[in-house]
Amino acid sequence: MRGLKKYWRIGLGIVAIAALIAIPLGFNRYGLFILSQWAVMTIAAMGLNLTLGYAGQVSLAQGAFVRIGAYAAAIMTTQGVPLMAALCVSVLLCFAVGWLLGYPALRVQHHYLAFVTLAFSTLAFLVFRNESWLTNGIYGISNIPRPTIFGFPTNRPLQFYYLCLASLGLASVALWWLIRSPWGRAFLALRENPIRAQSLGVDTRRYTLMAFAIGSALGGVAGTLYAPLTQYIDPVPFNLSLSLDLLMMVIVGGAGFFFGPFLGAMIAVLLPEWLRFTEGYYLMLYAASVIGLLIYSPTGILGILDRMVIQRRTKSASALRAAASSSLETAP
């Protein structure tokens, strides 16, 4: 039975990947832009899910790291630096800043930590808006080039979408390995009970800093892709609302579930587009849908599925116990 479930999951994954590759072939320019945005935001939400969902550290600064990655990529690529080099700089920079931001998490938790990360996000926004010598201020940076990867140009929307999709695939594989490594188990122990984890020999200080740093680095990857996707950036899209949107993606999809960010980003990016046929009411319907979902299931979409699986297993176990009890009673 377990082997059958394993093959079923593998087959479902292959179908999903094939659909993401084949279906966009018939999309127009705007549809490809929306799908590329979904892939980019999913990478950023995966980083926040590692910090919040797996390590239990509340952060409202993920949008700031997307901003750092986007500006680093924009500044460097417009000066002729290849995107891969800009990606390395963005990841290292976000990793280092995320590591430093993790130090307050060693002393404060929960909503106090949220206020600290909120202050950092606001500070980053003010720096990128006011330091015109570096970021061009409110005028932003335009004419951001799209890269050529291993001799293949990505100037066209479909080509760049495949670049975003490939980046999402690589980030997913890396995060999947990390979660199932001893580091991932240490993150879960840190989330469930830090005191018990420390008593079992887990270096909670180190893993708290690593959760912030790795999650921030994924935000930098998303920002590096976001800059050539839009080919123009200014401070406005990177205000606090982006961090709140990413937080919503993680919670709506299911914090602590691997595929939660995928579904959450789909709801946040695609659902408003699907509701545009309602014209002026689409944002109201979108907000009502999200509120209704969280009222029904605070653990998100995958929380509903997880609850259904648990109930099914409980019923199966109860039926097996009942059958075993009846067989014992009828035995001579």
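You'll find the structure just up there.
1. Overview of the environment of Pro82
1) Next: Within the fold, Pro82 resides in the loop between helix H3 (62–77) and helix H4 (83–101).
2) Next: Between the alpha carbons of Pro82 and Leu165 there is a distance of 19 Å; along the sequence they are 83 residues apart.

2. Considering the packing of aromatic side chains
1) Next: Following the criterion strictly, the structure yields eleven aromatic pairs and no others.
2) Next: Aromatic pair Trp183 and Tyr207: ring centres 6.4 Å apart, planes at 85 degrees, arrangement edge-to-face. Of the two residues, Trp183 sits in helix H8 (residues 182–192) while Tyr207 sits in helix H10 (residues 204–230), which places them 24 residues apart along the sequence.
3) Next: Judged by relative accessible area, which is 29%, Trp183 ranks as partly exposed.
4) Next: For Tyr207, a relative accessible area of 11% translates into the label buried.
5) Next: Following the ring pairs from residue to residue traces out a cluster consisting of Trp176, Phe258, Phe259 and Phe262.
6) Next: Directly above the aromatic system of Trp176 lies the positively charged group of Arg180, at a separation of 3.5 Å from the ring centroid.
7) Next: Over the aromatic face of Tyr207 sits the side chain of Arg206, whose NZ or CZ is 5.5 Å from the ring centroid.

3. Focus: helix H12 (residues 260–274)
1) Next: Helix length check: H12 (15 residues) gives 20 Å between terminal C-alpha atoms against 21 Å at 1.5 Å per residue, within 8%.
2) Next: Taken as a whole, H12 carries its principal kink of about 30 degrees at Ile267.
3) Next: Of all the residues in H12, the buried ones are Gly260, Pro261, Phe262, Gly264, Ala265, Ala268, Val269, Leu270, Leu271 and Pro272.

4. Examining the nonpolar core
1) Next: Judged by nonpolar contacts, the single largest core of 79 residues is most densely connected at Phe187, Ile233 and Leu246.
2) Next: Examining the composition of this core, we find that 13 residues originate from one element, helix H2 (residues 29–54), more than from any other.
3) Next: Ignoring sequence-local partners within four residues, the contact set of Ile233 consists of Ala70, Tyr71, Ala74, Gly140, Ile141, Ile144, Tyr226, Ala227 and Phe238.

5. Some details on the packing of H2 against helix H11 (residues 240–253)
1) Next: Running from N to C, H2 and H11 cross one another at 70 degrees; their axes reach a closest spacing of 9 Å. Here H11 runs roughly perpendicular to H2, going by the angle between their axes. Between H2, through Met41, Ala44, Ala45, Leu48, Asn49 and Leu52, and H11, the contact on the second element is made entirely by Leu242, Leu246, Leu247, Met249 and Val250.
2) Next: Grouping the constituent residues of the contact of H2 with H11 by class yields ten nonpolar, one polar and no charged.

6. Here's the deal with the side chain of Ser181
1) Next: With respect to the helices, strands and loops of the structure, Ser181 is situated in the loop between helix H7 (157–179) and H8.
2) Next: What makes Ser181 buried here is its relative accessible area of 8%.
3) Next: In terms of polar contacts, Ser181 uses its side chain to reach the backbone carbonyl oxygen of Leu178, at 2.5 Å.

7. Concerning the packing of H3 against helix H5 (residues 111–130)
Pairs of packed helices are described in terms of their axes, by the angle between the two and the distance that separates them.
1) Next: The geometry of H3 relative to H5 is characterised by a closest axis approach of 9 Å and an angle of 30 degrees between their N-to-C directions. As the angle between them shows, H3 and H5 are arranged roughly parallel. For the crossing formed where H3 meets H5, the hand is left-handed. Contacts from Ala64, Phe65, Arg67, Ile68 and Tyr71 of H3 reach H5 at Phe120, Ser121, Ala124, Phe125 and Phe128.

8. What to know about unusual backbone geometry
1) Next: Of note, Asn136 is a non-glycine position whose phi angle comes to about 65 degrees, a positive value.
2) Next: In this fold, Asn136 is placed in the loop between helix H6 (132–135) and strand E1 (141–142).
3) Next: Accessibility expressed as a relative area gives 38% for Asn136, which makes it partly exposed.
4) Next: Its identity as a non-glycine residue notwithstanding, Asn143 has a phi of 55 degrees, on the positive side.
5) Next: Mapped onto the elements, Asn143 comes out in the loop between E1 and strand E2 (148–149).

Conventions used here
- Residues numbered from 1 in each chain as written.
- Predicted model: local features only at pLDDT ≥ 70, side-chain atom pairs only at ≥ 80, totals over all residues.
- Heavy atoms only, no water.
- Helix = DSSP H or I, 4+ residues; strand = E, 2+ residues; numbered from the N terminus.
- Phe/Tyr/Trp six-rings, centres within 6.5 Å; stacked < 30°, edge-to-face > 60°.
- Buried < 20%, exposed > 50% of the residue type's maximum accessible area, 1.4 Å probe, protein only.
- Lys NZ or Arg CZ within 6 Å of the ring centre and 35° of its normal.
- Expected span 1.5 Å × (residues − 1).
- Bend = angle between axes of the 7 residues up to and from the residue.
- Core = buried A, V, L, I, M, F, W, Y, C linked by side-chain atoms within 4.5 Å.
- Contact = heavy atoms within 4.5 Å.
- Axes fitted to C-alpha atoms, helices over the stretch in contact; angles between N-to-C directions.
- Parallel < 35°, antiparallel > 145°, perpendicular 65-115°, else oblique.
- Nonpolar A, V, L, I, M, F, W, Y, C, P; charged D, E, K, R; others polar.
- Polar contact = N/O pair within 3.5 Å; in protein donor to acceptor, adjacent residues only side chain to side chain.
- Left-handed = near helix turned anticlockwise from the far one by under 90°.

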